[in-house]
Amino acid sequence: MDRFNSLLLEMYRAAREVPLADFQDVVLNRLSSVVPFDSAKWGSSVAHGGGVVFHDPHVQNESPEAQQHYAEVHSQDAAARYAITHFGQTANYSLPGYYAGQDSAAIRGYVRRWRHEQALITAFNSPATGLIRSLSLYGAYANRPFTECQRRIVQAVVPHLFEALAVNRSQHLDRWSSADPQRLWSLSITDSAGYFLVKDAQFEALLEREWPQSDRAAAPPPLLRAIGGNRQAKFKGHSILVVGCRNKNLQFLKARALQAVDDLTPQQIQVAQRVAQGLTHKEIAKALGIAPSTTRNHLQAILARTSLHNNAELAAQLKSAGYC
(Lines give C-alpha, C1' and ligand atoms only; values in the text may rest on other atoms or scores of the structure.)
Protein backbone atom coordinates (compact mmCIF):
# COMPACT_ATOMS: atom_id res chain seq x y z
CA MET A 1 0.00 0.00 0.00
CA ASP A 2 2.86 2.38 0.79
CA ARG A 3 4.34 1.80 -2.68
CA PHE A 4 0.94 2.39 -4.28
CA ASN A 5 0.37 5.64 -2.37
CA SER A 6 3.90 6.79 -3.15
CA LEU A 7 3.31 6.09 -6.84
CA LEU A 8 0.13 8.19 -6.86
CA LEU A 9 1.81 11.08 -5.05
CA GLU A 10 4.73 11.08 -7.47
CA MET A 11 2.36 10.87 -10.44
CA TYR A 12 0.30 13.91 -9.40
CA ARG A 13 3.44 15.85 -8.47
CA ALA A 14 4.86 15.13 -11.91
CA ALA A 15 1.59 16.33 -13.47
CA ARG A 16 2.33 19.81 -12.12
CA GLU A 17 6.10 19.87 -12.51
CA VAL A 18 7.10 17.82 -15.57
CA PRO A 19 6.88 19.34 -19.09
CA LEU A 20 4.10 17.97 -21.24
CA ALA A 21 6.49 16.36 -23.74
CA ASP A 22 8.16 14.33 -20.97
CA PHE A 23 5.26 13.52 -18.66
CA GLN A 24 4.12 10.19 -20.08
CA ASP A 25 7.62 8.72 -20.14
CA VAL A 26 8.28 9.91 -16.59
CA VAL A 27 5.17 8.28 -15.12
CA LEU A 28 5.59 5.09 -17.18
CA ASN A 29 9.13 4.76 -15.84
CA ARG A 30 7.80 5.20 -12.32
CA LEU A 31 5.01 2.66 -12.92
CA SER A 32 7.55 0.13 -14.23
CA SER A 33 9.30 0.17 -10.85
CA VAL A 34 6.10 -1.19 -9.30
CA VAL A 35 4.81 -3.35 -12.17
CA PRO A 36 7.75 -4.25 -14.46
CA PHE A 37 6.99 -4.30 -18.19
CA ASP A 38 9.05 -4.29 -21.38
CA SER A 39 7.05 -1.93 -23.61
CA ALA A 40 3.91 0.18 -23.46
CA LYS A 41 1.30 1.89 -25.62
CA TRP A 42 -0.72 4.77 -24.15
CA GLY A 43 -3.09 6.88 -26.16
CA SER A 44 -6.49 7.67 -27.58
CA SER A 45 -8.39 5.73 -30.22
CA VAL A 46 -11.81 5.22 -31.76
CA ALA A 47 -13.72 1.99 -32.32
CA HIS A 48 -13.56 1.01 -35.97
CA GLY A 49 -13.84 -2.16 -38.07
CA GLY A 50 -14.27 -4.48 -35.11
CA GLY A 51 -11.19 -3.10 -33.36
CA VAL A 52 -9.68 0.26 -32.46
CA VAL A 53 -7.78 2.81 -34.53
CA PHE A 54 -5.16 4.73 -32.55
CA HIS A 55 -4.30 8.39 -33.03
CA ASP A 56 -0.49 8.42 -32.81
CA PRO A 57 -0.27 6.77 -29.37
CA HIS A 58 2.59 7.48 -27.00
CA VAL A 59 4.76 4.38 -27.03
CA GLN A 60 7.68 3.27 -24.93
CA ASN A 61 10.23 0.76 -26.25
CA GLU A 62 8.11 0.27 -29.36
CA SER A 63 9.13 0.84 -32.97
CA PRO A 64 7.08 3.17 -35.21
CA GLU A 65 6.98 0.20 -37.58
CA ALA A 66 5.09 -1.75 -34.91
CA GLN A 67 2.34 0.89 -34.96
CA GLN A 68 2.08 0.63 -38.74
CA HIS A 69 1.88 -3.15 -38.44
CA TYR A 70 -0.86 -2.88 -35.81
CA ALA A 71 -2.92 -0.63 -38.08
CA GLU A 72 -2.97 -3.48 -40.60
CA VAL A 73 -4.27 -6.07 -38.10
CA HIS A 74 -6.37 -4.00 -35.68
CA SER A 75 -9.65 -5.53 -36.85
CA GLN A 76 -8.46 -8.94 -35.56
CA ASP A 77 -7.56 -7.69 -32.10
CA ALA A 78 -10.02 -9.51 -29.86
CA ALA A 79 -8.19 -8.25 -26.77
CA ALA A 80 -8.96 -4.66 -27.80
CA ARG A 81 -12.60 -5.59 -28.44
CA TYR A 82 -12.82 -6.99 -24.92
CA ALA A 83 -11.25 -3.86 -23.44
CA ILE A 84 -13.73 -1.51 -25.13
CA THR A 85 -16.70 -3.54 -23.88
CA HIS A 86 -15.33 -3.75 -20.32
CA PHE A 87 -14.24 -0.19 -19.60
CA GLY A 88 -12.27 0.24 -16.38
CA GLN A 89 -11.30 -3.43 -16.13
CA THR A 90 -7.67 -4.41 -16.58
CA ALA A 91 -7.40 -7.69 -18.47
CA ASN A 92 -4.37 -9.94 -18.06
CA TYR A 93 -3.43 -11.81 -21.25
CA SER A 94 -0.93 -14.32 -22.49
CA LEU A 95 -1.50 -13.08 -26.01
CA PRO A 96 -0.17 -15.98 -28.14
CA GLY A 97 -2.40 -18.39 -26.21
CA TYR A 98 -5.33 -15.98 -26.23
CA TYR A 99 -5.25 -15.69 -30.02
CA ALA A 100 -4.35 -19.36 -30.68
CA GLY A 101 -7.92 -20.62 -30.92
CA GLN A 102 -9.10 -17.81 -33.19
CA ASP A 103 -8.92 -17.27 -36.92
CA SER A 104 -6.42 -14.47 -36.36
CA ALA A 105 -3.20 -15.42 -38.13
CA ALA A 106 -2.29 -11.80 -38.82
CA ILE A 107 -2.63 -10.67 -35.21
CA ARG A 108 -0.63 -13.71 -34.05
CA GLY A 109 2.13 -12.72 -36.44
CA TYR A 110 2.06 -9.18 -35.03
CA VAL A 111 2.32 -10.47 -31.46
CA ARG A 112 5.23 -12.77 -32.29
CA ARG A 113 7.14 -10.15 -34.26
CA TRP A 114 6.92 -7.43 -31.63
CA ARG A 115 7.22 -9.76 -28.61
CA HIS A 116 3.90 -8.96 -27.00
CA GLU A 117 3.88 -12.23 -25.07
CA GLN A 118 2.06 -10.82 -22.04
CA ALA A 119 -0.28 -7.85 -21.75
CA LEU A 120 -2.18 -5.81 -19.20
CA ILE A 121 -4.77 -3.76 -21.11
CA THR A 122 -7.08 -1.13 -19.63
CA ALA A 123 -9.47 1.20 -21.45
CA PHE A 124 -11.88 3.98 -20.51
CA ASN A 125 -14.50 5.75 -22.58
CA SER A 126 -14.76 9.52 -22.88
CA PRO A 127 -18.47 10.18 -23.51
CA ALA A 128 -17.93 13.87 -24.32
CA THR A 129 -15.60 13.09 -27.23
CA GLY A 130 -16.25 9.46 -28.11
CA LEU A 131 -12.56 8.76 -27.64
CA ILE A 132 -11.25 5.62 -25.98
CA ARG A 133 -8.32 6.18 -23.63
CA SER A 134 -6.20 3.12 -23.08
CA LEU A 135 -2.96 1.86 -21.60
CA SER A 136 -1.38 -1.42 -22.71
CA LEU A 137 1.65 -2.79 -20.87
CA TYR A 138 3.53 -5.63 -22.56
CA GLY A 139 5.86 -8.32 -21.32
CA ALA A 140 8.28 -9.79 -23.84
CA TYR A 141 8.81 -13.23 -22.26
CA ALA A 142 6.52 -16.26 -22.30
CA ASN A 143 7.78 -17.45 -18.91
CA ARG A 144 7.14 -14.12 -17.14
CA PRO A 145 3.36 -13.60 -17.00
CA PHE A 146 1.89 -10.70 -15.11
CA THR A 147 0.49 -11.71 -11.73
CA GLU A 148 -3.01 -11.11 -10.40
CA CYS A 149 -1.54 -8.69 -7.87
CA GLN A 150 0.07 -6.69 -10.69
CA ARG A 151 -3.20 -6.68 -12.63
CA ARG A 152 -5.02 -5.23 -9.62
CA ILE A 153 -2.38 -2.57 -9.11
CA VAL A 154 -2.63 -1.45 -12.74
CA GLN A 155 -6.43 -1.42 -12.62
CA ALA A 156 -6.26 0.83 -9.57
CA VAL A 157 -3.54 3.09 -10.98
CA VAL A 158 -4.77 3.69 -14.54
CA PRO A 159 -7.68 6.05 -13.67
CA HIS A 160 -5.24 8.19 -11.68
CA LEU A 161 -2.75 8.04 -14.52
CA PHE A 162 -5.32 9.38 -17.00
CA GLU A 163 -6.39 12.06 -14.52
CA ALA A 164 -2.76 13.10 -13.95
CA LEU A 165 -2.29 13.41 -17.71
CA ALA A 166 -5.36 15.68 -17.89
CA VAL A 167 -3.92 17.81 -15.07
CA ASN A 168 -0.57 17.99 -16.86
CA ARG A 169 -2.23 19.16 -20.08
CA SER A 170 -4.29 21.75 -18.21
CA GLN A 171 -1.15 23.00 -16.46
CA HIS A 172 0.52 23.37 -19.84
CA LEU A 173 -2.47 25.32 -21.14
CA ASP A 174 -2.32 27.62 -18.09
CA ARG A 175 1.39 28.27 -18.60
CA TRP A 176 0.80 28.91 -22.29
CA SER A 177 -1.97 31.32 -21.39
CA SER A 178 0.21 33.17 -18.86
CA ALA A 179 2.75 33.79 -21.64
CA ASP A 180 0.05 35.90 -23.31
CA PRO A 181 -0.49 38.69 -20.72
CA GLN A 182 -2.88 40.58 -23.01
CA ARG A 183 -5.04 37.43 -23.33
CA LEU A 184 -5.21 37.87 -27.08
CA TRP A 185 -5.59 34.16 -27.79
CA SER A 186 -7.85 31.32 -26.74
CA LEU A 187 -6.14 27.95 -26.48
CA SER A 188 -6.68 24.23 -27.04
CA ILE A 189 -4.81 20.96 -27.50
CA THR A 190 -5.96 18.19 -29.88
CA ASP A 191 -4.68 14.73 -30.64
CA SER A 192 -3.30 13.94 -34.10
CA ALA A 193 -6.79 13.21 -35.46
CA GLY A 194 -8.10 16.59 -34.30
CA TYR A 195 -10.05 15.45 -31.22
CA PHE A 196 -9.93 18.07 -28.46
CA LEU A 197 -8.09 16.94 -25.35
CA VAL A 198 -8.41 20.27 -23.54
CA LYS A 199 -9.66 23.73 -24.54
CA ASP A 200 -10.72 26.91 -22.82
CA ALA A 201 -14.26 28.28 -22.92
CA GLN A 202 -13.44 31.15 -25.26
CA PHE A 203 -11.98 28.75 -27.82
CA GLU A 204 -15.30 26.90 -27.78
CA ALA A 205 -17.17 30.17 -28.33
CA LEU A 206 -14.95 31.10 -31.29
CA LEU A 207 -15.58 27.72 -32.92
CA GLU A 208 -19.33 28.15 -32.40
CA ARG A 209 -19.16 31.54 -34.14
CA GLU A 210 -17.30 30.15 -37.16
CA TRP A 211 -19.06 26.76 -37.40
CA PRO A 212 -22.48 26.92 -35.64
CA GLN A 213 -23.45 23.36 -36.57
CA SER A 214 -20.07 21.69 -36.05
CA ASP A 215 -19.31 18.76 -33.75
CA ARG A 216 -17.63 20.10 -30.63
CA ALA A 217 -15.60 16.96 -29.93
CA ALA A 218 -13.12 17.54 -32.75
CA ALA A 219 -11.71 20.33 -34.88
CA PRO A 220 -13.99 21.04 -37.87
CA PRO A 221 -12.72 19.49 -41.14
CA PRO A 222 -11.68 22.81 -42.80
CA LEU A 223 -9.59 23.68 -39.75
CA LEU A 224 -8.10 20.20 -39.55
CA ARG A 225 -7.19 20.23 -43.25
CA ALA A 226 -5.40 23.56 -42.84
CA ILE A 227 -3.39 22.72 -39.74
CA GLY A 228 -3.38 18.94 -39.39
CA GLY A 229 0.05 17.36 -39.76
CA ASN A 230 1.87 20.68 -40.15
CA ARG A 231 4.42 21.76 -37.59
CA GLN A 232 3.23 25.37 -37.97
CA ALA A 233 0.19 26.50 -39.92
CA LYS A 234 -2.58 29.10 -39.96
CA PHE A 235 -6.27 28.96 -40.70
CA LYS A 236 -8.14 32.16 -41.58
CA GLY A 237 -11.91 31.80 -41.54
CA HIS A 238 -14.82 34.19 -41.84
CA SER A 239 -14.58 35.25 -38.21
CA ILE A 240 -11.54 33.63 -36.59
CA LEU A 241 -7.81 33.17 -37.03
CA VAL A 242 -6.27 29.92 -35.76
CA VAL A 243 -2.55 29.22 -35.48
CA GLY A 244 -1.43 25.62 -35.03
CA CYS A 245 1.85 24.16 -33.85
CA ARG A 246 2.49 20.40 -33.79
CA ASN A 247 4.64 18.76 -31.11
CA LYS A 248 5.04 14.98 -31.38
CA ASN A 249 1.51 13.51 -31.37
CA LEU A 250 -0.27 16.67 -30.19
CA GLN A 251 -1.50 19.78 -31.97
CA PHE A 252 -1.46 23.06 -30.03
CA LEU A 253 -3.97 25.61 -31.29
CA LYS A 254 -4.51 29.25 -30.46
CA ALA A 255 -7.40 31.25 -31.84
CA ARG A 256 -8.77 34.77 -31.79
CA ALA A 257 -11.42 36.79 -33.56
CA LEU A 258 -10.41 38.23 -36.91
CA GLN A 259 -9.50 41.90 -36.98
CA ALA A 260 -9.24 44.28 -39.90
CA VAL A 261 -5.44 44.21 -39.89
CA ASP A 262 -5.54 40.47 -40.65
CA ASP A 263 -6.53 41.39 -44.22
CA LEU A 264 -3.28 43.27 -44.84
CA THR A 265 -0.62 41.86 -47.15
CA PRO A 266 2.72 40.75 -45.62
CA GLN A 267 4.45 43.93 -46.83
CA GLN A 268 1.62 46.09 -45.52
CA ILE A 269 2.03 44.41 -42.14
CA GLN A 270 5.74 45.26 -42.19
CA VAL A 271 4.96 48.90 -42.96
CA ALA A 272 2.21 49.05 -40.32
CA GLN A 273 4.47 47.54 -37.64
CA ARG A 274 7.10 50.18 -38.24
CA VAL A 275 4.48 52.92 -38.21
CA ALA A 276 3.39 51.59 -34.81
CA GLN A 277 7.02 51.79 -33.67
CA GLY A 278 6.99 55.52 -34.47
CA LEU A 279 9.34 55.41 -37.49
CA THR A 280 9.10 58.12 -40.13
CA HIS A 281 8.30 57.40 -43.76
CA LYS A 282 11.97 57.79 -44.68
CA GLU A 283 13.06 55.41 -41.89
CA ILE A 284 10.49 52.82 -42.96
CA ALA A 285 11.52 53.15 -46.60
CA LYS A 286 15.18 52.63 -45.70
CA ALA A 287 14.41 49.62 -43.47
CA LEU A 288 12.31 47.90 -46.14
CA GLY A 289 14.32 49.00 -49.18
CA ILE A 290 11.44 50.89 -50.80
CA ALA A 291 10.86 54.51 -51.80
CA PRO A 292 9.31 56.97 -49.28
CA SER A 293 6.47 57.54 -51.73
CA THR A 294 5.79 53.79 -51.75
CA THR A 295 5.66 53.89 -47.96
CA ARG A 296 3.05 56.68 -48.10
CA ASN A 297 1.02 54.74 -50.66
CA HIS A 298 1.14 51.62 -48.48
CA LEU A 299 0.00 53.57 -45.44
CA GLN A 300 -2.93 55.13 -47.32
CA ALA A 301 -3.96 51.68 -48.56
CA ILE A 302 -3.62 50.24 -45.04
CA LEU A 303 -5.89 52.86 -43.49
CA ALA A 304 -8.44 52.48 -46.28
CA ARG A 305 -8.42 48.68 -46.07
CA THR A 306 -8.85 48.61 -42.28
CA SER A 307 -11.28 51.60 -42.08
CA LEU A 308 -8.97 53.13 -39.48
CA HIS A 309 -8.45 56.87 -39.32
CA ASN A 310 -4.90 57.46 -38.15
CA ASN A 311 -1.62 55.92 -37.06
CA ALA A 312 -2.67 55.77 -33.42
CA GLU A 313 -5.72 53.63 -34.23
CA LEU A 314 -3.56 51.44 -36.46
CA ALA A 315 -0.98 50.95 -33.70
CA ALA A 316 -3.73 50.04 -31.21
CA GLN A 317 -5.25 47.42 -33.49
CA LEU A 318 -1.88 45.91 -34.35
CA LYS A 319 -1.21 45.50 -30.64
CA SER A 320 -4.65 43.99 -29.94
CA ALA A 321 -4.11 41.51 -32.80
CA GLY A 322 -0.67 40.52 -31.53
CA TYR A 323 1.40 41.91 -34.38
CA CYS A 324 3.44 44.10 -32.07
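Everything that follows concerns the structure shown earlier in this document.
Cut-offs used in this document
- Counting starts from 1 at the beginning of each chain's written sequence and moves along it residue by residue.
- Local features are withheld for residues below a pLDDT of 70 in this predicted model, meaning they are given only at 70 or higher, and side-chain atom pairs are given and counted only at 80 or more; totals for whole chains, interfaces and linings count all residues.
- Note that water and hydrogens are dropped before the side-chain values are worked out from all heavy atoms of the structure.
- Strands here are runs of E lasting at least two residues and helices are runs of H or I lasting at least four, both read from the DSSP assignment and numbered beginning at the N terminus.
- Taken over C-alpha atoms, the radius of gyration is set against a globule rule of 2.2 Å times the number of residues to the power 0.38.
- Burial status follows relative accessibility: with a 1.4 Å probe on protein chains alone, a residue under 20% of its type maximum counts as buried, one over 50% as exposed, and anything between as partly exposed.
- We call two residues in contact when some of their heavy atoms are within 4.5 Å.
- Only the protein chains shown count as cover for residues, and the accessible areas themselves come from Shrake-Rupley with a 1.4 Å probe.
- Here the positive residues are Lys and Arg and the negative ones are Asp and Glu; neither His nor the chain ends is included.
- Every charge is mapped to an atom, namely NZ of Lys, CZ of Arg, CG of Asp or CD of Glu.
- For helices, the axis comes from a line fit to the C-alpha atoms of the stretch in contact; other axes are also lines fit to C-alpha atoms, and the angle between any two N-to-C directions lies between 0 and 180 degrees.
- Roughly parallel refers to an angle under 35 degrees, roughly antiparallel to one over 145, roughly perpendicular to one between 65 and 115, and oblique to any angle outside these ranges.
- Left-handed is the label given to a crossing in which the near helix is rotated counterclockwise from the far helix by less than a right angle, and right-handed is the label when the rotation is clockwise.

Draft legend 1. Examining the overall build of the protein chain more closely. In terms of regular secondary structure, the protein chain is built from 13 helices and 11 strands. Here the C-alpha radius of gyration of the protein chain, 25 Å, is well above what a compact globule of 324 residues would show, namely 20 Å. Expressed along its principal axes, the backbone C-alpha trace of the protein chain runs to roughly 80 × 45 × 35 Å. Looking at the protein chain as a whole, 47% of its 324 residues qualify as buried. Looking at the protein chain alone, contacts between residues at least 24 apart form 58% of all its contacts between residues at least 6 apart. Entry remark: accessible area of the protein chain is about 15800 Å², with carbon and sulfur atoms responsible for 51%. Seen as two clouds, the 34 positive and the 27 negative side-chain charges of the protein chain have centres 5 Å apart.

Draft legend 2. Structural view of the packing of helix H10 (residues 266-276) against helix H11 (residues 281-288). The N-to-C vectors of H10 and H11 enclose an angle of 135°; their axes lie 10 Å apart at closest approach. It follows that H10 is oblique to H11 by the angle criterion. Note that H10 runs across H11; the crossing there is right-handed. Counted together, Gln270, Val271, Arg274 and Val275 of H10 and Ile284, Ala287 and Leu288 of H11 form the full contact between these two elements.

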